[in-house]
Amino acid sequence: MKSLAKPTEVPADVFETCISRIKKIRLQNKLRACKPLITSASLEFENKVSALQLHTINREIIVNGNVKAKELEKVYKSRMAKKGSPGRSLYDKLLAAPAHGICPLCSQRIATTLDHHLPKALYPRLAIVPINLVPSCTDCNKLKRAKYPLNSAQETLHPYFDNIEKDLWLDANLIRTSPIVVNYFINPPAEWNAILIDRVKYHFDSLSLNKLYSSNAGSEIVQIKDQLDRIYARSGKEGVRLHLLESAESRAKVNSNSWKAVMYKMLGNDIWFCDKGWT
Ligand SMILES: [Zn+2]
């Protein structure tokens, strides 16, 4: 999971921009009356996300007594996410935040959409609130879609508020089948508390990251087989070991928890693999 700078857009201003072109004055006024609730919902989200209390935010289907959740969802869909809509430039700005366009939730696929950290169908006041909108790939977005936290342990990592990049927490082992399988899992540092461990595990499992990383690792091993054969022919298992560990180090400098950094390190430290285990 990669952290991102927290957006600074003011929720009430974003909402006003989104509803600015509504032609039906009654509808526009009814929605505009929700503006203070959207501001307070954003403040509540900000206070509770760091305190791991997002699960205590009320879910609702009617806002301000007369606005249906679906109406606020529609403000997001038709007036912020839709191309050419008044809020689309804000949508594009949020989507452009990750380096190289990579999804911060899986650190692998391309971010093509915004994910509602708390789903808009259940938390309509947060439908257009910038700190609830996280760049995401479509797969992570789909896997998260209907989920909402019932307790602190189920509060998935939030790129604007959580940063676990300084710690090494991803690990892998080798399953000596044919073809070889790399199995990924969470190996938390000793200083992490139990809730953080549970949250990272929940994030990892609910986004099926072992499946994603394992599949990529299997494909990578097939692609480097010929190169490893050549290195082995030149300098034996020690040459292979040094090559793999050097490959790991280079990747870990960018992201020590990337599946590639973890895979190369694990393979480099595996005596069986370095002695032609890939053949
Ligand atoms: Zn993703």
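What counts and how
Residues numbered from 1 in each chain as written. Predicted model: local features only at pLDDT ≥ 70, side-chain atom pairs only at ≥ 80, totals over all residues. Heavy atoms only, no water. Helix = DSSP H or I, 4+ residues; strand = E, 2+ residues; numbered from the N terminus. Buried < 20%, exposed > 50% of the residue type's maximum accessible area, 1.4 Å probe, protein only. Contact = heavy atoms within 4.5 Å. Areas by Shrake-Rupley, 256 points an atom, 1.4 Å probe, with all protein chains shown as cover. Lys, Arg positive; Asp, Glu negative; His and termini not counted. Charge placed at Lys NZ, Arg CZ, Asp CG, Glu CD. Donors = N, O, S within 2.8 Å, 3.2 Å for Na, K, Ca; no water. Tetrahedral: all angles 85-135°; square planar, octahedral: opposite > 155°, others 65-115°. Arc of directions from axis to C-beta. Domains from an automatic or database assignment. Buried area = accessible area lost by both parts, 1.4 Å probe. Salt bridge = Lys/Arg side-chain N within 4 Å of Asp/Glu carboxyl O. Polar contact = N/O pair within 3.5 Å; in protein donor to acceptor, adjacent residues only side chain to side chain. Nonpolar A, V, L, I, M, F, W, Y, C, P; charged D, E, K, R; others polar. Phe/Tyr/Trp six-rings, centres within 6.5 Å; stacked < 30°, edge-to-face > 60°. Core = buried A, V, L, I, M, F, W, Y, C linked by side-chain atoms within 4.5 Å. Axes fitted to C-alpha atoms, helices over the stretch in contact; angles between N-to-C directions. Parallel < 35°, antiparallel > 145°, perpendicular 65-115°, else oblique.

Asks: Any chance you could explain the overall build of the chain here in plain terms?
Replies: In terms of helices and strands, the chain carries 10 helices and six strands. If one aligns the C-alpha atoms of the chain with their principal axes, the spans along those axes are about 75 × 40 × 30 Å. Among the 279 residues that make up the chain, the fraction classed as buried is 48%. Partitioning the intrachain contacts of the chain with sequence separation of at least 6 by distance along the chain shows that 69% fall at a separation of at least 24. Accessible surface, the chain: about 14,000 Å² in total, of which carbon and sulfur atoms supply 53%. Taken together, the 42 basic and 27 acidic charged side chains of the chain have centroids lying 9 Å from each other.

Asks: Explanation requested: unusual backbone geometry in the structure shown.
Replies: Residue P179 is reached from S178 by a cis peptide bond, and omega for that bond is 0 degrees. You can see P179 is positioned in the loop between β5 (170-175) and β6 (181-186). Look at N64: it is not a glycine, yet its phi comes out positive at around 60 degrees. Looking at where N64 falls in the secondary structure, it is placed in the loop between β1 (62-63) and β2 (67-68). Among the residues examined, N64 registers a relative accessible area of 38% and is labelled partly exposed. Phi at K276 is positive, roughly 70 degrees, even though this residue is not glycine. Topologically, K276 is positioned in helix α10 (residues 271-277).

Asks: I would appreciate a short explanation of the coordination of the zinc ion in the present structure.
Replies: The protein atoms that coordinate the zinc ion are C103 (SG), C106 (SG), C137 (SG) and C140 (SG), at distances spanning 2.3 to 2.4 Å. For the zinc ion, the four donor atoms in the first shell make angles of 98 to 116 degrees at the metal, so the coordination geometry reads as tetrahedral. Counting residues between consecutive donors of the zinc ion along the chain gives the motif C-x2-C-x30-C-x2-C. Summarising the burial analysis for this pair, C137 and C140 share the class buried.

Asks: Looking at this structure, how should I read helix α1 (residues 11-19)?
Replies: At 3.6 residues per turn, the α-helix brings residues three or four places apart onto the same side. Inspection of α1 places P11, A12, V14, F15, C18 and I19 among the buried residues, and these make up the whole buried set. Down the axis of α1, the smallest arc covering the buried residues is 160 degrees, so these residues share one side. The elements touched by buried residues of α1 are α2 (25-32), α3 (35-50), α4 (69-81) and α5 (88-95).

Asks: Help me understand the domain arrangement of the chain, please; the structure alone is not making it clear to me.
Replies: Accessible area lost upon the coming together of the parts is a frequently used measure of interface size. Looking at the chain, the domain boundaries give domain 1 (11-154) and domain 2 (170-277). For domain 1 and domain 2, the distance between their C-alpha centroids amounts to 36 Å. Opposite the 13 residues of domain 1 that make contact, domain 2 presents 14 residues. Of the roughly 1,200 Å² buried between domain 1 and domain 2, counting both surfaces, carbon and sulfur atoms make up 63%. If you look at where domain 1 meets domain 2, you find zero salt bridges. Counting the contacts that link domain 1 with domain 2 gives three residue pairs in polar contact (both at pLDDT 80 or more). Along the lines of polarity and charge, the residues of the side of domain 1 that touches domain 2 split into six nonpolar, four polar and three charged.

Asks: I'm lost on the environment of G65 in this one. Help?
Replies: Inspection of the secondary structure puts G65 in the loop between β1 and β2. C-alpha of G65 to C-alpha of C34: the two residues are 31 residues apart in sequence and 9.8 Å apart in space.

Asks: Even after reading the chapter, I still don't get the packing of aromatic side chains, so can you show me in this structure?
Replies: Aromatic ring pairs: the centre-centre distance and the angle between the two ring planes describe each pair. Per the counting criterion, the structure on display carries six aromatic pairs. The interplanar angle of 45 degrees and the centroid separation of 6.4 Å between the aromatic rings of Y76 and Y91 together place this pair among those described as tilted. With Y76 in helix α4 and Y91 in helix α5, the pair connects residues that are 15 residues apart, well separated along the chain. Considered together, Y76 and Y91 belong to a single accessibility category, that of buried residues. For the pair F273 and W278, a centre-to-centre distance of 5.6 Å together with 55 degrees between the ring planes defines the contact as tilted. Accessibility assignment for this pair places F273 and W278 in one class, buried.

Asks: Can you help me understand the nonpolar core in this one?
Replies: Grouped burial of nonpolar side chains is what soluble globular proteins tend to show. Grouped together as the largest cluster of nonpolar side chains are 79 residues, with contacts concentrated most on M80 and Y184. When residues of this core are assigned to their parent elements, the largest contribution, 11 residues, is made by helix α8 (residues 209-254). Inspection of this core shows a minimum of three residues originating in each of domain 1 (11-154) and domain 2 (170-277). Ignoring anything within four residues of it in the chain, the contact list for M80 reads V14, C18, V75, S85, G87, R88, L90, Y91, L94, I128 and L133.

Asks: Which parts of the structure should I look at to understand the packing of α1 against α4?
Replies: In helix packing, the relevant descriptors are the interaxial angle and the interaxial distance, both defined with respect to the helix axes. At a closest axis distance of 9 Å, the pairing of α1 and α4 adopts a crossing angle of 70 degrees. By the angle between their directions, the pair α1 and α4 is classed as roughly perpendicular. Facing α1, whose interface residues are V14, F15, C18 and I19, α4 presents L72, V75, R79 and M80. Of the residues that constitute the contact of α1 with α4, the class distribution is seven nonpolar, no polar and one charged.

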